[in-house]
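Structural overview for review
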Amino acid sequence: RSCGWVDAARSVVPPSEKLFTWWSHRGDWRRLNKGRRLDHIWVTPTLEKRIRDVKVATEVRGWRRPSDHAPLFVDLDTR
């Protein structure tokens, strides 16, 4: 914030909600739902007004041979 950047995901998902992009390979990651937020997308205040949605692609984490990260997407209105 000190440089004027905006956390795109947190502009949509309130701080009271869990928002992870990484889960350990130990245990049942879905049931435990404990992770960390390692991936971020930062935007300018002008672009923040154009954010339509944010998604963590958790289905990727459930693939047969998954990464421990799930991609983070931000949908911007480009009109």
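To keep things clear, this report deals only with the structure shown in the data block.

Definitions and cut-offs
- Residues numbered from 1 in each chain as written.
- Predicted model: local features only at pLDDT ≥ 70, side-chain atom pairs only at ≥ 80, totals over all residues.
- Heavy atoms only, no water.
- Helix = DSSP H or I, 4+ residues; strand = E, 2+ residues; numbered from the N terminus.
- Buried < 20%, exposed > 50% of the residue type's maximum accessible area, 1.4 Å probe, protein only.
- Contact = heavy atoms within 4.5 Å.
- Lys, Arg positive; Asp, Glu negative; His and termini not counted.
- Charge placed at Lys NZ, Arg CZ, Asp CG, Glu CD.
- Salt bridge = Lys/Arg side-chain N within 4 Å of Asp/Glu carboxyl O.

**A few points about the overall build of the protein**
- Across its full length, the protein carries three helices and six strands.
- Secondary structure elements of the protein occur, N-terminal to C-terminal, as β-β-α-β-β-α-β-α-β.
- Overall, the C-alpha framework of the protein stretches about 40 × 25 × 20 Å when taken along its three principal axes.
- Expressed as a percentage of the 79 residues in the protein, the buried residues total 25%.
- Pairs at least 24 apart in sequence give 60% of the contacts found in the protein among residues at least 6 apart.
- Considering the protein, the positive charge centre built from 17 side chains and the negative charge centre built from 10 side chains are found 5 Å apart.

**Quick word on the environment of Arg50**
- Among the structural elements, Arg50 can be located in the loop between α2 (45-48) and β5 (51-56).
- Look at Arg50 and you get partly exposed, because its relative accessible area is 33%.
- Separated by 20 residues in the primary sequence, Arg50 and Arg30 have C-alpha atoms spaced 31 Å apart.
- Beyond its immediate chain neighbours, meaning those up to four positions away, Arg50 contacts Asp75, Leu76, Asp77, Thr78 and Arg79.

**Quick word on the side chain of Arg61**
- Following the sequence through the fold, Arg61 ends up in helix α3 (residues 58-61).
- Put simply, Arg61 is tucked away with no salt bridge, and the nearest opposite charge, on Asp68, sits 6.4 Å away.
- Those residues in contact with Arg61 that sit more than four places away from it in its chain are Trp23, Ser24, His25, Trp29, Pro66, Ser67 and Asp68.

The analysis is restricted to geometry; functional conclusions fall outside its scope.
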